[in-house]
Amino acid sequence: MSARDVFRKIIGIELDESNAYTGKRRTLDISHNVILYLEDITVSFDGFKALNKLNLAIDAGELRCIIGPNGAGKTTMMDVITGKARPDSGSAFFGQTIDLTRLSEPEIAHAGIGRKFQKPTIFEQHSVFENLELAMTTDKRALTTLTAWLRDDDRDRIADTLRLIRLDTEADRPAGLLSHGQKQWLEIGMLLMQEPRLLLLDEPVAGMTDDETMRTAELFVSLAGKHSLVVVEHDMAFVKALGGKVTVLHEGSVLAEGDLDAVQNDQRVIEVYLGR
Amino acid sequence: MRRPLVFRIASALDGRTRLALTVFLAVTLLVVPVLHLTLPPESAFHVSTYAITLLGKIMCYAIVAVAMDLIWGYGGILSLGHGLFFALGGYAFGMYLMRQIGRDGSYQSDLPDFMVFLDWKELPWYWTGSDSFLWVSALVVLVPALVAFIFGYFAFRSRIKGVYFSIITQALTYAAMLLFFRNETGFGGNNGFTDFKRVLGYTITSPQTRLVLFGLTALVLALTFVLARWLVASKYGRVLTAIRDAESRVMFIGYNPLWFKLFIWTLSAVLCGIAGALYVPQVGIINPSEMSVANSIEIAIWVAVGGRGTLIGPIVGAFVVNLAKSWFTVSFPEYWLFFLGLLFIVVTLLLPHGLVGLWKTLRQAKQTRPDDMELPPRESVLAPPLTPIPPSDRRVTE
């Protein structure tokens, strides 16, 4: 161990941190066409295993749905991927080289993973425009934000996203005054401003009308290919509309995987959902 | 293209604020000195020495209140130990004032009186250079900055928040107070520093010196306010309020809250230190009671009374509460703390946005527009304020 590492261990400073938030991307190696690997991930809280030797691989450009009963470990899985929870064992890799278990939440965000929470989490005091402005990929170090300003192409990007999430007429309103469905869309818009390679979406259509739900499905399908998406959802009509591969989680590990029809006819899945 | 920074800072102020600032500076830098020096004490328009000292003192408090508003109102971090940074700045400058006494002390020694009393033969190492105005001015900034940076780094890195953070800051200032009470610490123990004679060679009690200190304080207050306005209108300010409202979202969009909090925390401490350094020569004493927990809580009360997250509110709060205090402690000394407690309860229950919020509500009641609807207030005193950033404060456009 070098003196630098010792120093780092003692005071816990990430010495290369100054480079971590500048908006420059780490190189992502997807040479095996896989963007996310979770291998034998175990996370336990006071003896309870929220995740139990979970294995999951997401292909680049894939749209994957994760379903499963309450307590199956879906949110914990997202916590592990985004750095909020550290696994007790197992490995989590973004591409072939980026070890997610060693990075902090903001570093993972800069590497290109965006996360939408179950409950829409936006900045209610800020305007819709400002919400998108803050999310936009750029140098995000504290001192550079002091003199940061918006260039014309930044404005154009924000305007494009506003149109995409259909909030262009609401740009100057405080985000806290939006409807629940609009807040969900705003959060999705914030994710897109981050230009993520992988989007994690936790129940993105909760509280949306049927019409909004279907429009969201269209949006996600159009994003797949360019981005990879992992969607956790209970709404089966929505999952069906997305049309991707479905993974069923149960008690912290994968129970079944395949297209929706196959999974729905799987005997074990039926047992888990309907009870024995 | 972008204009120079000075212009951009100036443009963070709207016309009304600029007018108010001009009036404020004209009064403090011209009107008050002229009235004090030219009119005889009998005149109704004469500004007394007492008034100048009192207003100068309150302006120091107002600087602290703005500093507190930056971290509490905008950063959502309630410090109940800000008196520490104020006192550190005060003590640092007090060292210089003690050295300026020279051999005019009771013991006619080169050492400050309290050191002679303790039978010390030479100055402790940390008093080195305390006779240099420049070095001490640097200490006024560096000492609070260093203490705040180290404390803040570990507290924010450990993600200590809310009440826990407030309690730790209280413990910090309390521990410092106990340390400064000890004679061995070398800062005058119980009595602290007093009996100052000169500053930069000028007699500290002369009207001219007082007026210079008074004007300087007014200038620093104005600069602090402009700096704070600019900060909260910058993208930095928007990230800061975003951290206050939804810290996890901020992290997941790629900001590290640690450095954002640490910057505003350290800046806030430095502003308090400067205020403390301006306070000591005007008031003529600094002792460990400035670090008492009650003093720090009072700072939070000024901000809450005036209105959190408004910058102007805390200044109003500092003036209102302290003017009330100087009247109360003369007329009904034993009831002051009861009144202060009552004031805090009334403001918390009835005026979640403080006096400034009350004024805004009254004005809005006259000309109600649905667009200006405010979000519902939060329940907890510890929760940050909910005043939406007015459009004039936004620096989206250049």
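Computed from a prediction, not measured in an experiment: that's the story for all the values here.

About the criteria used
- Residues numbered from 1 in each chain as written.
- Chains lettered and ligands numbered in written order.
- Predicted model: local features only at pLDDT ≥ 70, side-chain atom pairs only at ≥ 80, totals over all residues.
- Helix = DSSP H or I, 4+ residues; strand = E, 2+ residues; numbered from the N terminus.
- Rg over C-alpha atoms; globule rule 2.2 N^0.38 Å.
- Buried ≥ 20, exposed ≤ 12 C-beta atoms within 10 Å, placed from the backbone.
- Contact = placed C-beta atoms within 7 Å.
- Pairing = 2+ DSSP bridges.
- Axes fitted to C-alpha atoms, helices over the stretch in contact; angles between N-to-C directions.
- Nonpolar A, V, L, I, M, F, W, Y, C, P; charged D, E, K, R; others polar.
- pLDDT = per-residue confidence, 0-100.
- Core = buried A, V, L, I, M, F, W, Y, C linked by C-beta atoms within 7 Å.
- Left-handed = near helix turned anticlockwise from the far one by under 90°.
- Parallel < 35°, antiparallel > 145°, perpendicular 65-115°, else oblique.
- Expected span 1.5 Å × (residues − 1).
- Bend = angle between axes of the 7 residues up to and from the residue.

## A short note on the overall build of chain B
Okay, so step 1: Looking only at helices and strands, chain B features 15 helices and four strands.
Okay, so step 2: Computed over the C-alpha atoms, the radius of gyration of chain B is 22 Å, within 12% of the 21 Å expected from 2.2 N^0.38 for a compact globule of 398 residues.
Okay, so step 3: Each of the three principal axes of chain B carries a C-alpha extent, and together these read 70 × 55 × 55 Å.
Okay, so step 4: By residue count, 43% of the 398 residues in chain B fall in the buried class.
Okay, so step 5: For chain B, the proportion of contacts with a sequence separation of at least 24, taken over those separated by at least 6, is 79%.

## Quick look at the overall build of chain A
Okay, so step 1: Scanning chain A from terminus to terminus reveals 11 helices and 10 strands.
Okay, so step 2: Rg of the C-alpha trace for chain A: 19 Å, near the compact-globule value of 19 Å for 276 residues, within the 12% margin.
Okay, so step 3: With the C-alpha coordinates of chain A rotated into their principal frame, the extents come out at 60 × 55 × 35 Å.
Okay, so step 4: Relative to its 276 residues, chain A shows a buried fraction of 44%.
Okay, so step 5: Considering only contacts in chain A between residues 6 or more positions apart, those separated by 24 or more positions represent 68%.

## A word on the sheet that holds strand E7 (residues 198–202) of chain A
Residues and elements named next belong to chain A.
Okay, so step 1: Strand order in the open sheet made by the six strands is E6-E7-E8-E3-E9-E10, with mixed pairing throughout. Only two strands of the sheet have a single partner each, and these edge strands are strand E6 (113–116) and strand E10 (253–258). Each strand axis lies, on average, 20 degrees off the axis of its neighbour in the sheet, ignoring direction.
Okay, so step 2: By the bridge criterion, five bridges tie strand E9 (residues 245–250) to E10 in an arrangement that is antiparallel.

## Topic: the interface of chain B and chain A
When the parts of a complex come together, some accessible area is lost, and that lost area is often taken as the interface size.
Okay, so step 1: Taken together, the contact pairs 28 residues of chain B with 29 residues of chain A.
Okay, so step 2: Those elements that place two or more of their residues in the side of chain B that touches chain A are helix H9 (235–245), helix H10 (247–252) and helix H11 (257–283) of chain B.
Okay, so step 3: The leading source of residues in the side of chain B that touches chain A is H9(B), at seven residues.
Okay, so step 4: A per-class count over the side of chain B that touches chain A returns 16 nonpolar, five polar and seven charged.

## Here's the deal with the confidence of the model for chain A
Okay, so step 1: Model confidence for chain A is summarised by a mean pLDDT of 87, while 91% of its residues fall at 70 or above.
Okay, so step 2: Predicted confidence for residues 12–18 of chain A stays below pLDDT 50, and this span has five contacts to residues more than four positions away or in other chains.

## Points about the sheet that holds strand E2 (residues 48–59) of chain A
Okay, so step 1: An order of E2-E1-E4-E5 (chain A) is seen for the four strands of this open sheet, with the pairing classed as antiparallel. Looking at the sheet topology across the chains shown, the edges are occupied by E2 and strand E5 (98–99) of chain A.

## A few points about the nonpolar core
Residue and element names in this part refer to chain B.
Okay, so step 1: Judged by nonpolar contacts, the single largest core of 170 residues is most densely connected at Ala62, Ile63, Val64, Ala65, Val66 and Ala275.
Okay, so step 2: Counting residues per element, this core draws most heavily on helix H3 (residues 49–74), which supplies 17 residues.
Okay, so step 3: Every residue in contact with valine 66, bar those within four places of it in the chain, is listed here: Thr224, Phe225, Ala228, Leu271, Leu311, Pro314 and Ile315.

## Re the environment of Gln184(A)
Okay, so step 1: Checked against the element boundaries, Gln184(A) lands in helix H7 (residues 180–193).
Okay, so step 2: Along the backbone, Gln184(A) and Val232(A) are 48 residues apart, and their C-alpha atoms lie at a distance of 14 Å.

## Considering the packing of helix H4 (residues 128–135) of chain A against H7(A)
Residues and elements named next belong to chain A.
Okay, so step 1: Interaxial distance between H4 and H7 falls to 7 Å at its minimum, and their mutual angle equals 30 degrees. Two packed elements cross with a definite hand, and for H4 against H7 that hand is right-handed. In this structure, H4 uses Val128, Asn131, Leu132 and Ala135 to contact H7, whose residues at the interface are Leu186, Gly189, Met190 and Met193.
Okay, so step 2: Split into classes, the residues belonging to the contact of H4 with H7 amount to six nonpolar, two polar and no charged.

## A closer look at the packing of helix H13 (residues 312–331) of chain B against helix H15 (residues 354–366) of chain B
All names here are of chain B.
Okay, so step 1: Contact geometry of H13 with H15 gives a least axis separation of 7 Å together with a crossing angle of 115 degrees. It follows from the interaxial angle that H13 and H15 lie roughly perpendicular. Contacts between H13 and H15 pair Ile312, Gly313, Val316, Gly317 and Val320 from the former with Gly354, Leu355 and Val356 from the latter.
Okay, so step 2: Its residues placed into classes, the contact of H13 with H15 shows five nonpolar, three polar and no charged.

## Overview of the pairing of E6(A)
Residue and element names in this part refer to chain A.
Okay, so step 1: Side chains Ile113 and Arg115 project from E6 onto one buried face, and the interleaved Gly114 and Lys116 project onto a second face that is buried too.
Okay, so step 2: Inspection of the sheet shows E6 paired to E7 by four bridges, in the parallel sense. Across the sheet, glycine 114 pairs through a bridge with leucine 199, a residue of E7.

## Some words on the confidence of the model for chain B
Keep in mind that low pLDDT regions are not for reading the predicted coordinates in detail.
Residue and element names in this part refer to chain B.
Okay, so step 1: Mean pLDDT for chain B: 89, with 91% of residues reaching 70 or above.
Okay, so step 2: Note that pLDDT drops below 50 for residues 376–398; the model gives that stretch 40 contacts with residues more than four away or on any other chain.
Okay, so step 3: The ipTM for the predicted assembly is 0.83, set against a pTM of 0.87.

## Section: H3(B)
Residues and elements named next belong to chain B.
Okay, so step 1: Along its 26 residues, H3 runs 36 Å from first to last C-alpha, staying within 8% of the 38 Å computed at 1.5 Å per residue.
Okay, so step 2: Along H3, the sharpest change in direction is near 30 degrees and occurs at methionine 68.
Okay, so step 3: Directly after H3, the chain includes glycine 76, whose backbone phi takes a positive value near 70 degrees.

## Re the pairing of strand E1 (residues 34–45) of chain A
Residue and element names in this part refer to chain A.
Okay, so step 1: Both E1 and E2 contribute to a ladder of eight bridges, which runs antiparallel. Within E2, the position partnered with serine 44 by the bridge is lysine 49.
Okay, so step 2: Linking E1 to E2, which pair antiparallel, is a turn of two residues; within it aspartate 46 sits at a positive phi near 50 degrees.
Okay, so step 3: Bridge analysis of E1 against strand E4 (residues 89–94) gives five bridges, and the strand direction is antiparallel. For leucine 36, the partnering residue across the bridge sits in E4 and is phenylalanine 94.

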